[in-house]
Structures are given as structure tokens and as C-alpha cells.
Amino acid sequence: MAIKTNLQLKTSLVGLWGYEEVSDLTTQEQADIQTFVNQALFECYAPVDGTRPNYGEQYWSAILPAPVVTTLGVTNGSKVVTGHTFLAAHAGSNVLIGQSLYRYAGLNGSDHELVQPWQGDTGTVSATVFHNAVALPGTVLEIASEHPEILGVGLLSPLPGPQSEVLIRSEAPWDFTPGMSSYPFGLSRLRFDLSQFLDEDEPLYYHIDSATTAPTFTAPVNRLHVYPMPDAAYTVSMRASFLPAALSDDEDTPPMPFQAVDNILLPIAREKLVENSAGRRFTGNVKLIQDAAERARAHLKSLTKPQRYQRGGFALRAGW
């Protein structure tokens, strides 16, 4: 079955409003019809139940450059640093100045900024710029690989989140802590262990950080962080669940597998139209359209795992 174009999908929808051509609609109605198509496409890749279809996965990789030793111009109380051209894709990475790890925030206009203001004297300082973070494409929904790969080195193990990396680089100030939770915070404060705090080596762990580092708040960009901080250039590779680009041109075709356009995407798009037809002439049976959309969602769930037979967990034999 031939894949339908964006125009053919929209034409299929306008019939429910009693029209034959998309061009018969007002400008706003045409925009609404396009929205319904794209809402259905979005749901086909990001179902509301949290499942992620395998057909939405794509391989992704990036280079984590080697650390760069440089000299930075700094001003007391300011986040602006000069003297080095940072790589925008690696915003969120660490910048070592003395024994403090700052974080590169990104560009603010034409100025490179750190997340934290410089607390020392105004002047120039020696610094090491690491590339332990890299931006993921904005269309990435989630990582599909449990263990991303460092090319030619090995697999990365997941950390629960950003704070886990901080905890790895910390140690307790003594061997024992009180068993009650009502003691003063200062008694349980973790101190950085400098032997781990400045850990440069082959990356072993990763986590995803969604918090923006930009000097001014912007739409969040997910970043892949690795630990230890890379001591050389490495390539990270993995599978991720992606969202397709929204359809806009009439000749665009939705990237759906098999015959899922007619059997899944279109019934869901029709339901979107029905739910937003208040005050418009609607010709059709609402219940039948809603039932068809629910069947489409059930079919969508069946397409999430194309490999029927999957072995359970396995491990190397003892002694290997």
C-alpha cells in the first residue's frame, strides 16, 4: 500500500466536516487540520502509556573531545570568561580552575559564561576544559540502550542522576554517622575526595541531565554526561527513541512502518478532529470514530517489539 502524503491525510479528515478539499477551509481550519495530523503522529511515537515503539529508534553517536588546557580571563563575581572558544554542543561540561570544578553554561549573546560566578581575584587563570557532557538532539525522547558504548573501549553503566556523580566524588568526614535523622546537617556533610574529585580516565558511567545550563532560561536540552571525565577523545554511541519532524508541506509523508498510516495514524487523527469539532459542521458517528482510535492504539502497542523470542538474563560462567 502506497504511503499517503500529508495532503492526502488532511483530505481524509476534511470529509468529516463535509468538505471535499482542504482548500475549501478557512486558513485557521486548515491549520487545525494540520495540527490533528501532527498530534496523531506524535502519539504514534510517544504513546500516552509511556511505551516507545522500536520503529522510533535511531542510532546516535558523538565525539567527546580530549580536555584542553587553556588560560581564561576572569572577573570577580562575574560568570563571563574570555580567552577560550568553548564548544556549544558540550555546554554543561566541567571546567577545572585550581581545585574547583566549574561548569560551562553556554553563550549569553557573544559572551561565554560559567554556571557559577568566579569567586577569586580578577585576572587570568590556568584552566582545563573538559568535554564530559554533550547535547542530545531535541527530538530524542529517551535512551533505548541500557548501556551506551564508548567506541573501542566498552559499555557505560547508568547512574540514577546528576547527584549520583557528585556522590561518587565525595566521601564522608568520618567512618560512622548517627542512626537518627534529626541530627544537624553539618554533621553529615560529605566532603570531596580530591583523588576522585578530579578523576580523569576512560568513562565508566553515564546519566542524562535535563536541567538547562543556559545563562537565560530556555527550552531544556537533554545532555548525556559521562564519568570519569574523559582524559582523551572518545566516541559515544547508542540507540535512542526519536520523535519525527512534524509534517508541514503537502508532499511530506509520515515515517510510519507497514500499513500503520491507514490503520493507526489516520484513525487517531480522526479522533483528534472529533474532539475539536465544537461549533463546526461534523458528519460522522463519534462513538465509531473513538472506537476505531482505541483499536488503533491497541495495534500500535503490538508494534513496539518486533523480536518475539527474547532470552532472559545471562551472565558469564564463574571463573571467566
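Structure's up top.
First, a word on scope: everything that follows refers to the structure included in this document.

1. What about the side chain of H207?
Turning to step 1, where the next piece is worked out: The topology assignment puts H207 in strand β16 (residues 205–209).
Turning to step 2, where the next piece is worked out: Once you skip the residues sitting within four places of it in the chain, H207 turns out to touch L159, G161, P162, E165, R223, L224 and H225.

2. Here's the deal with the sheet that holds β16
Turning to step 1, where the next piece is worked out: As summarised here, the arrangement of the four strands in space is β8-β17-β16-β12, forming an open sheet in which the pairing is mixed. This sheet does not close on itself; its edge strands, each paired only once, are β8 (133–135) and β12 (157–158).
Turning to step 2, where the next piece is worked out: In this sheet, β16 lies alongside β12 in parallel orientation, the contact comprising two bridges. Bridge pairing in β16 places P158 opposite Y206.

3. Focus on the pattern of salt bridges
If charged atoms from side chains of opposite charge come close, those side chains can pair.
Turning to step 1, where the next piece is worked out: Counted according to the given criterion, the structure contains ten salt bridges.
Turning to step 2, where the next piece is worked out: Taking the shortest distance from any N to any O, the salt bridge between E43 and R297 comes out at 2.4 Å. You can see E43 sitting in helix α2 (residues 27–45) and its partner R297 sitting in helix α6 (residues 286–302), a full 254 residues away along the chain. This pair shows no difference in class: E43 is buried, exactly as R297 is.
Turning to step 3, where the next piece is worked out: Through salt bridges with shared partners, one network takes in E43, E271, K272, E294 and R297.

4. Considering the pairing of strand β4 (residues 94–97)
Turning to step 1, where the next piece is worked out: Residues N94 and L96 point to one face of β4 and V95 and I97 to the other, with burial holding for every one of them.
Turning to step 2, where the next piece is worked out: Pairing of β4 with strand β5 (residues 100–108), which is carried by four bridges, proceeds in the antiparallel orientation. What sits directly across from I97, in β5, is S100.
Turning to step 3, where the next piece is worked out: Pairing of β4 with strand β7 (residues 123–129), which is carried by two bridges, proceeds in the antiparallel orientation. Looking at β7, one finds that V95 is bridged to V129.

5. Quick look at the sheet that holds β7
Turning to step 1, where the next piece is worked out: Spatially, the six strands line up as an open sheet ordered β2-β7-β4-β5-β6-β3, and their pairing is antiparallel. The open sheet terminates on both sides in strands that have one partner only, identified here as β2 (68–74) and β3 (80–81).
Turning to step 2, where the next piece is worked out: In this structure, β2 lies alongside β7, joined through seven bridges in antiparallel fashion. When the sheet's bridge partners are listed, G73 is paired in β7 with T124.

6. A few points about the nonpolar core
Turning to step 1, where the next piece is worked out: Judged by nonpolar contacts, the single largest core of 30 residues is most densely connected at L13, I33 and M256.
Turning to step 2, where the next piece is worked out: Looking at which element gives the most residues to this core, the answer is helix α5 (residues 260–275), with nine residues.
Turning to step 3, where the next piece is worked out: Listed in part, the 17 residues of the second largest apolar core include A62, L136, I150 and Y234.

7. Notes on α5
Turning to step 1, where the next piece is worked out: Taking 1.5 Å of rise per residue, the 16 residues of α5 would be expected to cover 22 Å, and the 22 Å separating its terminal C-alpha atoms lies within 8% of that figure.
Turning to step 2, where the next piece is worked out: The largest bend in α5 amounts to roughly 30 degrees and is located at L266, with the proline P267 lying one to four residues further along.
Turning to step 3, where the next piece is worked out: The element α5 is largely enclosed, with a buried count of 13 among its 16 residues.

8. Details of the packing of α2 against α5
Turning to step 1, where the next piece is worked out: At a closest axis distance of 8 Å, the pairing of α2 and α5 adopts a crossing angle of 130 degrees. Classed by the angle they form, the pair α2 and α5 counts as oblique. The element α2 and its partner α5 pack so that their crossing is right-handed. Touching I33, F36, V37, Q39, A40, L41, E43 and C44 of α2 are I264, L265, I268, A269, K272 and L273, all from α5.
Turning to step 2, where the next piece is worked out: Residue composition of the contact of α2 with α5, by class: eleven nonpolar, one polar and two charged.

9. Some thoughts on helix α1 (residues 6–14)
Turning to step 1, where the next piece is worked out: Among the residues making up α1, those that are buried are N6, L9, K10, L13 and V14. Buried residues along α1 cover an arc of 135 degrees about the axis, so they all sit on one side.

10. Some thoughts on the environment of L87
Turning to step 1, where the next piece is worked out: Within the secondary structure, L87 sits in the loop between β3 and β4.
Turning to step 2, where the next piece is worked out: We classify L87 as partly exposed; its relative accessible area is 41%.
Turning to step 3, where the next piece is worked out: A sequence separation of 20 residues divides L87 from L107, and the C-alpha atoms of the two residues are 9.8 Å apart.
Turning to step 4, where the next piece is worked out: With residues up to four places along the chain from it excluded, the contact list for L87 reads P65, Y104 and H131.

11. Regarding the packing of aromatic side chains
Turning to step 1, where the next piece is worked out: Taken as a whole, this structure holds four aromatic pairs when the rule is applied.
Turning to step 2, where the next piece is worked out: Between the aromatic rings of Y102 and W118, the centroid separation amounts to 5.8 Å while the plane-to-plane angle is 45 degrees, which identifies the pairing as tilted. With Y102 in strand β5 and W118 in the loop between β6 (111–114) and β7, the pair connects residues that are 16 residues apart, well separated along the chain. By the burial criterion, Y102 is buried, and W118 matches it.
Turning to step 3, where the next piece is worked out: Just above the ring of Y19 sits the side chain of R281; from NZ or CZ to the centre is 5.4 Å.

Conventions we followed
- Residues numbered from 1 in each chain as written.
- Predicted model: local features only at pLDDT ≥ 70, side-chain atom pairs only at ≥ 80, totals over all residues.
- Heavy atoms only, no water.
- Helix = DSSP H or I, 4+ residues; strand = E, 2+ residues; numbered from the N terminus.
- Contact = heavy atoms within 4.5 Å.
- Pairing = 2+ DSSP bridges.
- Salt bridge = Lys/Arg side-chain N within 4 Å of Asp/Glu carboxyl O.
- Buried < 20%, exposed > 50% of the residue type's maximum accessible area, 1.4 Å probe, protein only.
- Core = buried A, V, L, I, M, F, W, Y, C linked by side-chain atoms within 4.5 Å.
- Expected span 1.5 Å × (residues − 1).
- Bend = angle between axes of the 7 residues up to and from the residue.
- Axes fitted to C-alpha atoms, helices over the stretch in contact; angles between N-to-C directions.
- Parallel < 35°, antiparallel > 145°, perpendicular 65-115°, else oblique.
- Left-handed = near helix turned anticlockwise from the far one by under 90°.
- Nonpolar A, V, L, I, M, F, W, Y, C, P; charged D, E, K, R; others polar.
- Arc of directions from axis to C-beta.
- Phe/Tyr/Trp six-rings, centres within 6.5 Å; stacked < 30°, edge-to-face > 60°.
- Lys NZ or Arg CZ within 6 Å of the ring centre and 35° of its normal.

In short, geometric facts, not functional conclusions.
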